[in-house]
Amino acid sequence: MYKIVSKRRLNETMTWLVIEAPLVARKAKPGQFIILRTDEHGERIPLTMAGHDSEKGTIDLIYAAVGRTTMLMDQLEEGDYLLDVVVPLGKPTEMEGLKKVCVVGGGTGNALAYPLACGMHDHGIHVDMIAGFKSKAQVILEDEFKAGVDRVFITTDDGSYGEKGFTTDKLKELIEDGNEYDEIVAVGPPMMMKFTCKIAEDYGIHSIASLTAYMIDGTGMCGGCRCIVGGENKFVCVDGPEFDGALVDWDELIKRSAYYSEQEAEDRAHVCRLTGGVRYND
Ligand SMILES: Cc1cc2nc3c(=O)[nH]c(=O)nc-3n(C[C@H](O)[C@H](O)[C@H](O)COP(=O)(O)OP(=O)(O)OC[C@H]3O[C@@H](n4cnc5c(N)ncnc54)[C@H](O)[C@@H]3O)c2cc1C
Ligand code: FES
C-alpha cells in the first residue's frame with residue numbers, strides 16, 4: 001500500500017500527489033514512469049514520475065482526471081492509500097551530448113514534460129520550455145517551470161494567457177529567431193507531437209517524442225502499447241516511452257489512440273454516477 005502524503009489541486013482537472021514509495025524513489029530517473037492501481041478491481045494505469053525525493057522516500061505524480069481510474073484517484077485524500085505501484089518503468093531520458101534543447105508540452109503533456117525539462121536543465125543543458133494550453137484556466141506549473149529551466153514561453157489557443165497561438169507557432173518563431181537547438185522534445189497529444197516533430201524535421205533538427213500509448217502489463221508481453229517506429233513494431237513500455245520523432249508512424253498511433261473511446265465514455269459515466277456527477281472535459 002502506498003500512502004498519499006500530500007494532494008494539491010493545480011486546476012479543474014489536474015492534481016499533484018506526493019506518494020510514499022521509498023523503493024521506487026531510490027531508483028527513479030527523469031523520463032521514467034510507474035504503473036499503479038487504486039484498488040484490487042482497478043485498472044493499471046501508467047503515470048510519469050513528476051519528481052522524487054530519495055531521502056524522504058516519496059515520488060510525485062501529476063495527473064489529469066480524464067476517465068475511470070483517474071477520477072477514482074481524485075476521490076482519495078491525504079492519508080489514503082493506492083493499492084500498488086510498479087517500480088520505475090521505461091528508459092530514462094537520453095541527455096548525453098546535448099547543449100541546447102527546446103521542450104514543447106501540450107495540455108496534460110506538460111505534466112510529463114516537467115520532470116524531463118527540469119532533469120535536462122539539472123544535467124547542464126540549456127532548456128527552453130514552450131508550454132501550451134487551450135486557455136488560461138488550464139495553465140499549470142508555470143512557476144515550477146520558471147524555477148526549473150532557462151526560459152519559459154506559455155501559449156494559449158485563445159490568447160487568454162501568455163501568447164496567443166499554438167506551441168508549434170512559438171517553436172517556429174524561436175527557430176527562425178536563430179536559436180540553434182540540438183534537439184526538440186515533444187510531449188502532448190499525438191497530433192501536436194506529430195506537427196512538432198515535422199517542424200523539427202523541416203529545420204533539420206533531431207526530435208524526440210514521449211509517447212503515451214495504452215498500457216496493460218508494462219512488460220512488453222501484452223502488446224497493448226505497440227507502436228510503429230522506423231517501420232518496426234516497438235513497445236512504449238519497454239522500448240520507450242521516448243522515441244525518435246521523425247521515425248514514429250503518427251497516423252497509426254493516432255488511429256490506435258481512438259480504439260477504446262466508446263468503452264472509456266461508458267466507464268466515465270459509471271464513475272460519475274458513483275461519485276455524484278463530477279464530470280471533466282478530456
Ligand atoms: C508512459 C505514460 C505516462 C503517462 N503519464 C501521465 C502523467 O504523468 N499524467 C497524466 O495525467 N497522464 C499520463 N499518462 C496518461 C494516463 O495513463 C491516462 O490518462 C490514464 O491511463 C487514463 O486512465 P483512466 O482510466 O482515468 O481514463 P480512461 O477511461 O482509460 O481514458 C479517458 C481518456 O483519457 C485519455 N487517455 C487514456 N489513456 C491514455 C493514454 N495512455 N495516453 C493519453 N491519453 C489517454 C483518452 O483521451 C481517453 O478518452 C501517461 C501515459 C503513459 C503511457
Ligand atoms: S503495456 Fe503490454 S506490451 Fe507494453
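Please read these numbers as outputs of a predicted model, since none were measured by experiment.

Trainee: What is the right way to read the sheet that holds strand 7 (residues 84-89) from this model?
Mentor: Two strands in a sheet stick together by hydrogen bonds in their backbones, pointing the same way (parallel) or opposite ways (antiparallel). A sheet is described by the order of its strands in space; here seven strands give the open sequence 6-1-2-5-4-3-7, paired in antiparallel fashion. Looking at the sheet topology across the chains shown, the edges are occupied by strand 6 (81-82) and strand 7.

Trainee: How should I be thinking about the pairing of strand 9 (residues 126-133) in this particular structure?
Mentor: Put simply, side chains in a regular strand alternate between the two faces of the sheet. With respect to burial, strand 9 is a largely interior element, seven of its eight residues being buried. The sheet contact formed by strand 8 (residues 100-106) and strand 9 spans seven bridges and is parallel. Residue pairing across strands places Val103 opposite Met129, the latter belonging to strand 9. Once you follow strand 8 into helix 3 (residues 109-122) and on to strand 9, the crossover reads as right-handed. With six bridges connecting them, strand 9 and strand 10 (residues 151-156) associate as parallel partners. By the bridge assignment, Ala131 is partnered in strand 10 with Ile154.

Trainee: Please explain the site of ligand 1 as it appears in this structure.
Mentor: Around ligand 1, a shell composed of 28 residues is seen, among which Thr48, Gly67, Thr69, Thr70 and Thr212 lie nearest. Both domains that meet at the shell around ligand 1, namely domain 1 (2-89) and domain 2 (100-210), each give it at least three residues.

Trainee: Whenever I open this one, the packing of helix 5 (residues 167-176) against helix 6 (residues 190-202) confuses me. Can you help?
Mentor: Working note: a packed helix pair is described by the angle between its axes plus the distance between those axes. Closest axis-to-axis distance for the helix 5/helix 6 pair is 10 Å, and the angle between their directions is 15°. Between helix 5 and helix 6, the angle falls in the class roughly parallel. Between helix 5 and helix 6 lies a crossing whose hand is right-handed. Contact residues: Thr167, Thr168, Leu171 and Lys172 in helix 5; Met192, Phe195, Thr196 and Ile199 in helix 6. In terms of residue class, the contact of helix 5 with helix 6 is made up of four nonpolar, three polar and one charged.

Trainee: Hey, could you run me through the sheet that holds strand 12 (residues 183-187) in this one?
Mentor: Strand order in the open sheet made by the seven strands is 11-10-9-8-12-13-16, with mixed pairing throughout. Both edges of this open sheet fall to strand 11 (163-164) and strand 16 (242-244), since each of them pairs with a single strand only. Each of strand 8, strand 9, strand 12 and strand 13 (206-210) touches helix 3; the most contacted strand, strand 8, lies at about 165° to it. Sheet contacts for helix 6: strand 8, strand 12 and strand 13; angle to strand 13, the most-contacted strand, approximately 170°.

Trainee: Looking at this model, I keep getting lost on the domain arrangement of the protein chain. Mind explaining?
Mentor: A common way to express how large an interface is: the accessible area buried when the components associate. Per the domain assignment, the segments of the protein chain are domain 1 (2-89) and domain 2 (100-210). For domain 1 versus domain 2, the separation of C-alpha centres amounts to 24 Å. Taken together, the contact pairs twelve residues of domain 1 with ten residues of domain 2. Counting residues per element, the ones that place at least two in the side of domain 1 that touches domain 2 are strand 4 (45-53) and strand 5 (58-64). By residue number, the principal contributor to the side of domain 1 that touches domain 2 is strand 4, which donates four residues. Its residues placed into classes, the side of domain 1 that touches domain 2 shows seven nonpolar, four polar and one charged.

Trainee: Help me understand the nonpolar core, please; the structure alone is not making it clear to me.
Mentor: The tendency in soluble globular proteins is for nonpolar side chains to be buried as a group. Counting residues in each nonpolar core, the largest one holds 77 residues, and the members touching the most others are Val103, Tyr114, Ala117, Met129, Ile184 and Val185. At eight residues, helix 3 tops the list of elements feeding residues into this core. Not counting chain neighbours up to four residues away, the residues in contact with Ala117 comprise Val103, Val127, Met129, Phe145, Gly148 and Val149.

Trainee: Would you explain the environment of Asp251 in this entry?
Mentor: Relative to the helices and strands, Asp251 resides in helix 8 (residues 250-256). Owing to 11 C-beta atoms within 10 Å, Asp251 belongs among the exposed residues under this scheme. Asp251 sits 61 residues away from Pro190 along the chain, and the two C-alpha atoms are 9.0 Å apart.

Trainee: So what exactly am I meant to see when it comes to the environment of Glu201 here?
Mentor: Summarising the element assignment, Glu201 is placed in helix 6. In the structure, Glu201 is positioned 17 residues away from Ile184 in sequence and 9.8 Å away in space, judged by C-alpha atoms.

Trainee: Sorry if this is basic, but what is going on with helix 5 here?
Mentor: Every α-helix carries 3.6 residues per turn, so stepping three or four residues along brings you back to the same face. All of the buried residues along helix 5 are Thr167, Lys170 and Leu171. All buried residues of helix 5 lie within an arc of 100° about the axis, which places them on one face of the element. Gly178 sits one or two positions beyond helix 5 and adopts a positive phi of about 105°.

Trainee: Teacher, can you tell me more about the pairing of strand 14 (residues 226-229) here?
Mentor: Where burial is concerned, the two faces of strand 14 differ: the one with Cys227 and Val229 is buried and the one with Arg226 and Ile228 is not. As judged from the four bridges shared by strand 14 and strand 15 (residues 232-235), these two strands associate in the antiparallel manner. The partner of Arg226 across the bridge, within strand 15, is Phe235.

The rules behind these values
Residues numbered from 1 in each chain as written. Chains lettered and ligands numbered in written order. Predicted model: local features only at pLDDT ≥ 70, side-chain atom pairs only at ≥ 80, totals over all residues. Pairing = 2+ DSSP bridges. Helix = DSSP H or I, 4+ residues; strand = E, 2+ residues; numbered from the N terminus. Buried ≥ 20, exposed ≤ 12 C-beta atoms within 10 Å, placed from the backbone. Right-handed = clockwise from strand over helix to strand, strands pointing away. Near = placed C-beta within 6 Å. Domains from an automatic or database assignment. Axes fitted to C-alpha atoms, helices over the stretch in contact; angles between N-to-C directions. Parallel < 35°, antiparallel > 145°, perpendicular 65-115°, else oblique. Left-handed = near helix turned anticlockwise from the far one by under 90°. Contact = placed C-beta atoms within 7 Å. Nonpolar A, V, L, I, M, F, W, Y, C, P; charged D, E, K, R; others polar. Core = buried A, V, L, I, M, F, W, Y, C linked by C-beta atoms within 7 Å. Arc of directions from axis to C-beta.

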